[in-house]
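A look at the structure
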Amino acid sequence: MEIKYNDKLGKLPPYLFIEIDRKKKEAIERGADIISLGVGDPDMPTPEHIIKAGQDALAKPANHQYPFGSGMLSFRKAVAGWYKSRFNVDLNPENEVCALIGSKEGIGHIHLALINPGDVVLIPEPGYPVYNTGTIFTDGEPYFMPLLEKNGFLPDLDAIPSDILKRAKLIFVNYPNNPTAAVAPKEFYVKLVAFAKKNNIIVAHDSAYSEVYYDENEKPVSFLEIEGAKDVGVEFHSLSKTYNMTGWRLGWVCGNKEVVQAVAKVKDNYDSGVFQAVQEAGITALTSSQDCVEKIRKIYKERRDALCDGLNQIGWNVTKPKATFYVWAKIPKGYTSSQIVGKLLDECAIVCTPGNGLGKSGEGYVRFALTVDVPRIKEALNRISKIKW
Ligand SMILES: *Cc1c(COP(=O)(O)O)cnc(C)c1O
């Protein structure tokens, strides 16, 4: 049988990592000792007390049945409590919070609730690919906003043409940012809320890295802290990066109740929510002492310093990120991002991500994920220092 696929599958951007994957496999076959700084997936385990809560919840028969689409009220209350203590933002757990099967799930599905064919979706580039995936699947039209160093890696909202603004329905924003590691100042969100109001565009703020910061005095803010934010948008959040829980699949969307309820409606019809045992583990994560998060931050900070100081010592020119576990490194002159990634893989058995793989404005950079320990980072630096340029 010849299968004719949905045309939209063919519209998904080409998978730029195929060539890297091929080279990586070859290197492994050669017996190379690969150091993987590519994928943004924490290498450390979920904290013990969260695992224990999940184990206990697993044994409860009530959790073996279908969950409720938008999540257990107890989970949504835990989210609201965490928002209050972390950001001083009030959320009504009844209708302003919806649990997600990881925030990627909601980020990919929100389009189904909001986008009609031809609606424009404003998307940062380089950026998380899922903002565009959902756009393609709903026949929306992506408009890419470049994130450039000269603008502090913030989108230039004033540069968006007015005919695009007229048709735009949704804007994605993500700070602390993957891949540039930039943090947005509060003034940016103030501007964003005014922009959204003026142009009648819904804001979707992806805040997956809000807890991976390095300076206690410069904690990332929530978009929802801004006056009027709840009128114009929602914030996506995740337990994945904060508590090393990527495999558990747990996140949430919160903020504007109409948007939250629209996402919940899609979910009621698509999936049946998050496994309740996982939600119970999430409640423990959000309501217990946050010392484990502080410990995780400390470890990333050591790794960040080791990698950035090391690269700068051998002639690179990298800035230490204030948040996220990524280093967005400007590459040595005379090479493209792909060439550097190829060179690091061939000559050093180091895997990293080419900046242009995440959007064309990422050319000239590579992204290193701080997902190996300090001795491995030192080994990576040792290998890089031996490259002949
Ligand atoms: C990791 C990540 C997410 C969240 O992933 P989930 O595991 O699905 O919650 C969301 N946005 C960005 C930019 C990420 O890097």
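Not measured: the values here are computed from a predicted model. (Residues numbered from 1 in each chain as written. Predicted model: local features only at pLDDT ≥ 70, side-chain atom pairs only at ≥ 80, totals over all residues. Heavy atoms only, no water.)

1. Comments concerning unusual backbone geometry
Threshold: The way it works is that DSSP assigns letters per residue, a run of H or I at least four long becomes a helix, a run of E at least two long becomes a strand, and they are numbered from the N terminus.
For the bond running from E125 to P126, omega is 0°, close enough to zero to count as cis. Tracing the chain through its elements places P126 in the loop between β3 (120–125) and α6 (130–137). For the bond running from N178 to P179, omega is 15°, close enough to zero to count as cis. Non-glycine residue A181 carries a positive phi angle of around 65°. Looking at where A181 falls in the secondary structure, it is placed in the loop between β5 (168–174) and α8 (186–199).

2. Remarks on the sheet that holds strand β4 (residues 141–146)
Keep this limit in mind: Pairing between strands is defined by DSSP: at least two bridges between the two strands are required. Orientation is described by axes fitted as lines to C-alpha atoms, over the contacting stretch for helices, and by angles from 0 to 180 degrees between their N-to-C directions. Residue contacts are counted whenever heavy atoms from the two residues lie within 4.5 Å of one another.
Strand order in the open sheet formed by seven strands is β2-β8-β7-β6-β5-β3-β4, with mixed pairing between adjacent strands. Taken across any chain shown, the strands that pair with only one partner, and hence form the sheet edges, are β2 (97–100) and β4. Averaged over neighbouring strand pairs, the angle between their axes works out to 20° when direction is ignored. In this sheet, strand β8 (residues 251–255) lies alongside strand β7 (residues 233–238) in antiparallel orientation, the contact comprising five bridges. Residue pairing in the sheet places F236 in a bridge with V253 of β8. Along the sheet face, α6 touches β3, β4, β5 and β6 (202–206) and points at about 155° away from the line of β3.

3. Some points on empty space enclosed by the protein
Applicable threshold: Buriedness for pockets is judged along seven lines, at least five of which must meet protein on both sides within 12 Å for an open set on the 1 Å grid over protein atoms alone, while cavities are sets there where a 1.4 Å probe fits but cannot get out, and lining residues have an atom within 4 Å of a point. Grid points are joined across faces, edges and corners, and a volume is the space filled by probe spheres set on the points. The domain boundaries here were taken from an automatic or database domain assignment.
This structure, assessed with the given rule, holds two cavities of 30 Å³ or more. Here the largest cavity defines a volume of roughly 40 Å³. Taken together, E211, V212, K241, T242, V293, I296, R297 and Y300 form the lining of the largest cavity. Both domains that meet at the lining of the largest cavity, namely domain 1 (7–45 + 292–385) and domain 2 (48–287), each give it at least three residues. By volume, the second largest cavity is sized at about 30 Å³. Around the second largest cavity, the lining residues are W82, E211, H237, S238, L239, T242, Y243, W252 and L286.

4. Digging into the domain arrangement of the protein chain
Our working rule: A 1.4 Å probe defines the accessible area here, and the buried area is the portion of it lost by two parts on being joined, summed over both. Whenever Lys or Arg places a side-chain nitrogen within 4 Å of a carboxyl oxygen from Asp or Glu, that contact is recorded as a salt bridge. Any pair of nitrogen or oxygen atoms within 3.5 Å is treated as a polar contact; in protein, a donor-acceptor pairing is required on top of that, and neighbouring residues in sequence qualify only through side-chain atoms on both sides. The nonpolar class holds Ala, Val, Leu, Ile, Met, Phe, Trp, Tyr, Cys and Pro. Asp, Glu, Lys and Arg form the charged class, and all remaining residues, Gly among them, are polar.
Domain annotation of the protein chain identifies domain 1 (7–45 + 292–385) and domain 2 (48–287). Placing a centre on the C-alpha atoms of domain 1 and another on those of domain 2 gives a separation of 25 Å. Each side of the interface is counted separately: domain 1 has 35 residues, and domain 2 has 34 residues. Between domain 1 and domain 2, roughly 3000 Å² of surface is buried when both sides are summed, and carbon and sulfur atoms account for 60% of that area. Here domain 1 and domain 2 share four salt bridges between them. In this structure, K11 engages D139 in a salt bridge whose closest nitrogen and oxygen atoms are separated by 3.8 Å. The interface formed by domain 1 and domain 2 includes 16 residue pairs in polar contact (both at pLDDT 80 or more). Contributing elements (two or more residues each) for the side of domain 1 that touches domain 2: α1 (7–11), α12 (291–313), β9 (326–330) and β12 (365–369). Considering every element that reaches the side of domain 1 that touches domain 2, the biggest residue donor is α12, with eight residues. Its residues assigned to classes, the side of domain 1 that touches domain 2 shows 18 nonpolar, six polar and eleven charged.

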